[in-house]
Amino acid sequence: PRSDDAIAVAGLICDEQGDSTSAIRLWEQAMALPQDAVQVCPRADVCYQLGYARLLREQYSQAITALRESVRLNPRRSETHFRLAHACFLAGNLEETLQTLDAAKLDSPLAERLRGQVYQQKEQWPEAKRSFEAAVRRYPEFAEAYYGLATACERLGETALAETNRARFNALKAVGQAEGR
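Since the structure is predicted, the reported quantities are computational estimates derived from the model, not experimental observations.

Draft legend 1. Just the overall build of the chain, in detail. If you tally the helices and strands in the chain, you get 10 helices and 0 strands. Mapped from its N terminus to its C terminus, the chain presents α and β elements in the order α-α-α-α-α-α-α-α-α-α. Dimensions of the chain along its principal axes, counting C-alpha atoms only, are 65 × 35 × 25 Å. Looking at the 181 residues of the chain, the share that counts as buried comes to 42%. Once local pairs closer than 6 in sequence are excluded, the contacts in the chain between residues at least 24 apart make up 48%. Of the roughly 9900 Å² of accessible surface on the chain, 49% is carried by carbon and sulfur atoms.

What follows is the structure in structure tokens.
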């Protein structure tokens, strides 16, 4: 293919078939070409796919670069903001993680858990507790958020609450294992 759009679609096909190496190569090739007037695969989506593929390969700085570009091109896509925040967290950029979550006004259970994880890393236990509480309030079956909440409560000296949340985590984890998750 010669158009950036056709190359981007070929990248999606490779990715769907499990060939992320070829997908990344094709998406990078598509990004290097001038943009077609008619887009089947908008450039923001190509950047997102490239960033997410890099994130899965633990190539965080490259993932961050691609995801930042995707956010620049389409700032309304919440999923891209979350992936960017997650890549920043995994790269150890805690402040940028919080800035990304806050700037996009992300308050999903996953975003709240990620915010809680940042505060845990920073040992800001009251903030971690608030974030994990928000995550379980939005999604009461979120086992990992209960684990973080139990840890934050324990660090704050709230032993009974820590035990309650740890028990909830263990119960949810057992259900997940029984269901094969």
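Draft legend 2. Inspection of the environment of Asn93 at higher detail. If you trace the backbone, Asn93 turns up in the loop between α5 (78-90) and α6 (94-103). Measuring from C-alpha to C-alpha, the distance between Asn93 and Lys122 comes to 11 Å, with 29 residues separating the pair along the chain. What Asn93 contacts, discounting residues up to four positions off in sequence, is Ile64 and Cys88.

Draft legend 3. Region of interest: the nonpolar core. Ranked by internal contacts, the top residues of the largest apolar core, which has 26 residues, are Phe82, Leu101, Leu114, Ala128 and Ala145. Among the elements of the structure, α5, α6, α7 (109-121), α8 (125-138), α9 (143-155) and α10 (159-178) are those that each provide at least two residues to this core. Once residues within four sequence positions are removed from consideration, Leu114 is found in contact with Phe82, Ala85, His86, Phe89, Thr97 and Leu101.

Draft legend 4. View of helix α2 (residues 20-32). Here α2 spans 18 Å end to end across 13 residues, near enough to the 18 Å set by a 1.5 Å rise per residue. If you check which residues of α2 are buried, you get Ser22, Ala23, Ile24, Leu26, Trp27 and Ala30. Those residues of α2 that are buried are in contact with α1 (4-16) and α3 (43-56).

Draft legend 5. A look at the packing of helix α4 (residues 60-73) against α5. Close contact between α4 and α5 brings their axes to 9 Å; oriented N to C, the two are set at 155°. When the axes of α4 and α5 are compared, the pair comes out roughly antiparallel. When the axes of α4 and α5 are compared, the crossing they make is left-handed. The segment α4 lies against α5, with Tyr60, Ala63, Ile64, Leu67, Arg68, Ser70 and Val71 engaging Thr80, His81, Arg83, Leu84, Ala87, Cys88 and Leu90.

Draft legend 6. Seen up close, the side chain of Ser70. As for its position among the elements, Ser70 is in helix α4. Here Ala44 takes part through its backbone oxygen, which lies 2.7 Å from a polar atom of the side chain of Ser70.

Thresholds, definitions, all that
Residues numbered from 1 in each chain as written. Predicted model: local features only at pLDDT ≥ 70, side-chain atom pairs only at ≥ 80, totals over all residues. Heavy atoms only, no water. Helix = DSSP H or I, 4+ residues; strand = E, 2+ residues; numbered from the N terminus. Buried < 20%, exposed > 50% of the residue type's maximum accessible area, 1.4 Å probe, protein only. Contact = heavy atoms within 4.5 Å. Areas by Shrake-Rupley, 256 points an atom, 1.4 Å probe, with all protein chains shown as cover. Core = buried A, V, L, I, M, F, W, Y, C linked by side-chain atoms within 4.5 Å. Expected span 1.5 Å × (residues − 1). Axes fitted to C-alpha atoms, helices over the stretch in contact; angles between N-to-C directions. Parallel < 35°, antiparallel > 145°, perpendicular 65-115°, else oblique. Left-handed = near helix turned anticlockwise from the far one by under 90°. Polar contact = N/O pair within 3.5 Å; in protein donor to acceptor, adjacent residues only side chain to side chain.

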